[in-house]
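# A look at the structure
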Amino acid sequence: MNPYVLAILLSSLGLGTTLTFASSHWLLAWMGLEINTLAIIPLMAQHHHPRAVEATTKYFLTQATAAAMIMFASTTNAWVTGEWDMNNMSSPIASTMIITALALKIGLAPMHFWMPEVLQGLDLSTGLILSTWQKLAPFALIIQTAQAVDPMLLTALGMASTLVGGWGGLNQTQLRKILAYSSIAHMGWMIIVLQYAPQLTLLALGTYIFMTSAAFLTLKTSSATKINTLSMAWSKNPTLTATTALVLLSLGGLPPLTGFMPKWLILQELAKQNLPITATIMALAALLSLYFYLRLCYAMTLTISPNTTNSTTPWRTQTTQSSLPLALSTTVALGLLPMTPAILMLTT
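Only a predicted model underlies this, so the values are computations on that prediction, with no experimental measurement involved. (Residues numbered from 1 in each chain as written. Predicted model: local features only at pLDDT ≥ 70, side-chain atom pairs only at ≥ 80, totals over all residues. Heavy atoms only, no water.)

### What to know about the domain arrangement of the protein
This is how it is decided: Segmentation into domains, and thus their bounds, comes from an automatic or database assignment. The contact criterion used is simple: two residues touch if any of their non-hydrogen atoms lie within 4.5 Å. Summed over both partners, buried area is the accessible surface (1.4 Å probe) that two parts give up on being assembled. Any Lys or Arg side-chain nitrogen located within 4 Å of an Asp or Glu carboxyl oxygen qualifies as a salt bridge. Ten residues, namely Ala, Val, Leu, Ile, Met, Phe, Trp, Tyr, Cys and Pro, are considered nonpolar, four, namely Asp, Glu, Lys and Arg, are considered charged, and the remaining ones, Gly among them, are considered polar.
For the protein, the domain assignment lists domain 1 (1-149) and domain 2 (153-306 + 325-347). A separation of 23 Å is found between the C-alpha centroids of domain 1 and domain 2. Residue-level contacts link 31 residues of domain 1 with 33 residues of domain 2. Summing both partners gives a buried area of about 2700 Å² for domain 1 against domain 2, and 80% of it is carried by carbon and sulfur. Of all residues in domain 1, Gln120, Leu124 and Phe139 give up the largest surface area on contact with domain 2, accounting jointly for 25% of the area buried on that side. Between the two partners, domain 1 and domain 2, sit one salt bridge. Note that Glu117 and Lys177 form a salt bridge whose closest N and O atoms lie 3.6 Å from each other. Among the residues making up the side of domain 1 that touches domain 2, the classes are represented as 19 nonpolar, nine polar and three charged.

### Overview of the side chain of Thr244
Worth spelling out the cut-off: Here a strand is any run of E in DSSP of at least two residues, a helix any run of H or I of at least four, and the numbering for each starts at the N terminus. Three exposure classes are used, based on accessible area relative to the maximum for each residue type with a 1.4 Å probe and protein chains only: buried under 20%, partly exposed in between, and exposed over 50%.
Positionally, Thr244 belongs in helix α13 (residues 238-252). Overall, the relative accessible area of 4% leaves Thr244 in the buried class. With sequence-adjacent residues up to four places away left out, Thr244 is seen in contact with Thr218 and Met300.

### Thoughts on the UniProt feature "domain: NADH:quinone oxidoreductase/Mrp antiporter transmembrane" (unreviewed entry) in the protein
We apply this condition: UniProt positions are given in the numbering used here, feature names are shortened, and annotations may be inferred rather than shown by experiment.
Sequence positions flagged by UniProt for "domain: NADH:quinone oxidoreductase/Mrp antiporter transmembrane" (unreviewed entry) are, in local numbering, residues 23-288. In residues 23-288, helix accounts for 77% and strand for 0%; the two terminal C-alpha atoms are 38 Å from one another.

### Some remarks on a nonpolar patch on the surface
To keep it simple, the criterion reads: What makes a patch is a set of residues exposed beyond 30% relative accessible area and free of salt bridges, joined within 9 Å when like-charged and within 5 Å when nonpolar (Val, Leu, Ile, Met, Phe, Trp, Tyr). Surface accessibility follows the Shrake-Rupley procedure with a 1.4 Å probe radius. Residue values consider only the protein chains on display as shielding.
On the surface, a cluster of nonpolar side chains totalling about 310 Å² of accessible area is made up of Met1, Val5, Leu6 and Leu10. Its place among the elements puts Leu6 in helix α1 (residues 3-22). On the accessibility criterion, Leu6 (31% relative accessible area) is partly exposed.

### As for the nonpolar core
For clarity, the threshold we go by: Throughout, nonpolar core names a set of buried Ala, Val, Leu, Ile, Met, Phe, Trp, Tyr and Cys residues whose side chains join them through atoms within 4.5 Å.
Of all hydrophobic cores here, the largest spans 101 residues; its most connected members are Trp26, Ile40, Tyr59, Val118, Ile191 and Ile266. Two domains share this core, each providing at least three of its residues, namely domain 1 (1-149) and domain 2 (153-306 + 325-347).

### Structural notes on helix α6 (residues 124-131)
With seven of eight residues buried, α6 is to be regarded as a mostly interior element. Those residues of α6 lying buried are Leu124, Thr126, Gly127, Leu128, Ile129, Leu130 and Ser131.

### What about the pattern of salt bridges?
Across all of its chains, the model carries five salt bridges by this definition. Among the ionic pairs, Glu54 bridges to Lys58, the shortest N-O distance being 2.7 Å. Separated by four residues within a single helix, Glu54 and Lys58 lie in helix α3 (residues 50-81), roughly one turn from each other. Each of Arg51, Glu54, Lys58, Glu117 and Lys177 takes part in salt bridges that share partners, so that together they form one network.

### Points about the packing of aromatic side chains
Basically, it comes down to this: Each Phe, Tyr or Trp ring, with Trp reduced to its six-membered ring, pairs with another whose centre is within 6.5 Å; inter-plane angles below 30 degrees give stacked pairs, above 60 give edge-to-face pairs, and intermediate values give tilted ones.
According to the stated counting rule, one finds three aromatic pairs in the structure shown. Consider the rings of Phe292 and Tyr293, whose centres lie 5.0 Å apart with planes at 55°: the pair is tilted. Neither Phe292 nor Tyr293 differs from the other in exposure class; each is buried.

Dropping the structure here:
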């Protein structure tokens, strides 16, 4: 892609998200979300492959539907209350519609069906943008409107997402689909604690972004999109393979890695709020996700690939990719657990 066009598209992505962050008026927030959607569409369709075009079309339709619902809900709210301000969501119908539309935007269950399909059709760098940056603007709106929404709805969305994210990834062999289900499960963890401690939602979102970035950048470095390609990665880059296994376990939420921190604090908060059954279901759903991360770890680090493979051998070519983002995101994804007391001081 032409670098000037790429620069315009990436700056439009940034502009859309910033507009939504800065807005207190529903129309401006809606405009930011639309700019965001329209900026990523050329990036998704840039390879002109039928699969990429199909993924782009699916993405566009779901995002346009969600944007139309947000527009309708905010108009309804303005009609009832007489103002477009986000903090004044006194109409329960409008606030429920808005949270449903935003759940569709970020791919929460049961509005998650587009997410694995779309991510599977994209290349890994665009998939990275879709899984991380594209979550920020809708999450800003969800955090601002969550207090006006029925708590049972948020709990149902959160629990459904963690369960669907866990079950859905068990049977997959495509790495991008596994990461899509992983994303759905993490979104569930963020939503479940939103009504009790929004700062923990932000913490979980931050750690999720770093861990997912590390996973996507690793796969991009080793050009892997299927599990059987991973089984040959250790002979090409043993150090990267070892750190990738740790990043995957961090995504699963095992101590002493960064991914344990948000899960631990969220379960602690749910226990504080006298919700032991919810906390137990969330912890058990995390085990489902952990199973498919362990499957990937097993394929990468605990198996020696057979001598006769059906997939093409990726030779040891010198990579031209920058390794700094990968190194940074991997370090953050593995080593932040000792910072928990400091983060607790900042969030309470």
